[in-house]
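Spelled out, the chains give:
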Amino acid sequence: MNDQDWMRYAIRLAQRAEQQGEVPVGALVVYENRCLAEGWNQPIQNHDPTAHAEIQAVRKAGQVLNNYRLIDCTLYVTLEPCVMCMGAIAHSRIKRLVFGAFDPKRGAVCNALQLSDAPFLNHHIEWQGGILEADCASLLTDFFKAKRR
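Residues numbered from 1 in each chain as written. Predicted model: local features only at pLDDT ≥ 70, side-chain atom pairs only at ≥ 80, totals over all residues. Heavy atoms only, no water.

**Things to note about the pattern of salt bridges**
- Applying the stated rule across the entire model yields three salt bridges.
- Notably, a salt bridge pairs arginine 96 with aspartate 3, separated by 2.5 Å at the nearest N-O pair. Here aspartate 3 lies in helix α1 (residues 3-19) and arginine 96 lies in strand β4 (residues 96-101), a separation of 93 residues in the sequence.
- For arginine 96, a relative accessible area of 21% puts it in the partly exposed group. (Salt bridge = Lys/Arg side-chain N within 4 Å of Asp/Glu carboxyl O. Helix = DSSP H or I, 4+ residues; strand = E, 2+ residues; numbered from the N terminus. Buried < 20%, exposed > 50% of the residue type's maximum accessible area, 1.4 Å probe, protein only.)

Next comes the structure, spelled out in structure tokens:
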């Protein structure tokens, strides 16, 4: 599978979050071209502000590998990660991050903050944004339009 295939998978996970009334963000961790773990936003349902899609997927992947280091893994997520998620990504030593929509207001990869290249971090993440960007962005804009009605 390629980056677009994995992002389509992440979009399906984001749709699961939306069905549960959560902000539609989905994530999965891939190792050697197989999905180790998946997650979707669940802070409302879990009463947990840290239950972002990325955190859910990273936690589960660590359990699958029986290791808190996710060396040589790729994280796919439908939205540019926030500062909390970027901290978890850096600590887990994920090799590569691929995301769909950019988040100009809260994105911590290359927008509001540039933590992917922060000199104080001892692990730097390879990243690529904009994979199926329009599809990922429309999930969010449609969700928030419906909430405002």
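**Regarding the nonpolar core**
- Counting residues in each nonpolar core, the largest one holds 44 residues, and the members touching the most others are Met7, Leu28, Leu75, Met86 and Leu97.
- Per element, the largest residue contribution to this core is eight residues, and it comes from α1.
- If we ignore the near neighbours within four places in the chain, the residues touching methionine 86 are Pro81, Leu97, Ala108, Val109, Leu115, Ser116 and Ile125. (Core = buried A, V, L, I, M, F, W, Y, C linked by side-chain atoms within 4.5 Å. Contact = heavy atoms within 4.5 Å.)

**Remarks on unusual backbone geometry**
- Here the phi dihedral of histidine 47 falls at roughly 55°; this positive angle occurs in a residue that is not glycine.
- Within the fold, histidine 47 resides in the loop between α2 (43-46) and α3 (53-65).
- Phi angles above zero are rare outside glycine, and arginine 93 is one such case at about 65°.
- Counting through the fold element by element, arginine 93 comes out in the loop between α4 (83-92) and β4.

**A closer look at the side chain of asparagine 41**
- Tracing the sequence through the fold places asparagine 41 in the loop between β2 (34-40) and α2.
- Classification of asparagine 41 as buried rests on a relative accessible area of 9%.
- Within the structure, the side chain of asparagine 41 is placed 3.2 Å from the backbone oxygen of valine 23, a separation counted as a polar contact.
- A distance of 2.9 Å separates a polar side-chain atom of asparagine 41 from the backbone nitrogen of alanine 53. (Polar contact = N/O pair within 3.5 Å; in protein donor to acceptor, adjacent residues only side chain to side chain.)

**So, the environment of arginine 106**
- Here arginine 106 shows up in the loop between β4 and β5 (126-128).
- For arginine 106, a relative accessible area of 55% corresponds to the exposed category.
- Arginine 106 sits 24 residues away from cysteine 82 along the chain, and the two C-alpha atoms are 5.8 Å apart.
- With residues near it in sequence (within four places) discarded, arginine 106 still touches Pro81, Cys82, Val83 and Ala112.

**Brief notes about the packing of aromatic side chains**
- Counted under the stated rule, the structure contains five aromatic pairs.
- The interplanar angle of 80° and the centroid separation of 5.1 Å between the aromatic rings of phenylalanine 99 and phenylalanine 102 together place this pair among those described as edge-to-face.
- According to the relative accessible area criterion, phenylalanine 99 is buried, its value standing at 0%.
- Overall, phenylalanine 102 belongs to the partly exposed group, its relative accessible area being 31%.
- Ring centres of phenylalanine 143 and phenylalanine 144 lie 5.1 Å apart, and the angle between their planes is 80°; on these two criteria the pair is classed as edge-to-face.
- Each residue in the set Trp6, Tyr9 and Tyr76 is aromatic and connected to the rest through ring pairs, giving one cluster. (Phe/Tyr/Trp six-rings, centres within 6.5 Å; stacked < 30°, edge-to-face > 60°.)

**Some points on the sheet that holds strand β1 (residues 26-31)**
- Here five strands make up an open sheet; going across it, the order is β2-β1-β3-β4-β5 and the pairing mixed. In this open sheet, the two edge strands, each paired with only one partner strand, are β2 and β5. Averaged over all pairs of adjacent strands, the angle between strand axes in this sheet comes to 15°, irrespective of strand direction.
- Of the pairings in the sheet, the one linking β4 to β5 comprises three bridges and is parallel in character. For leucine 97, the partnering residue across the bridge sits in β5 and is tryptophan 127. (Pairing = 2+ DSSP bridges. Axes fitted to C-alpha atoms, helices over the stretch in contact; angles between N-to-C directions.)

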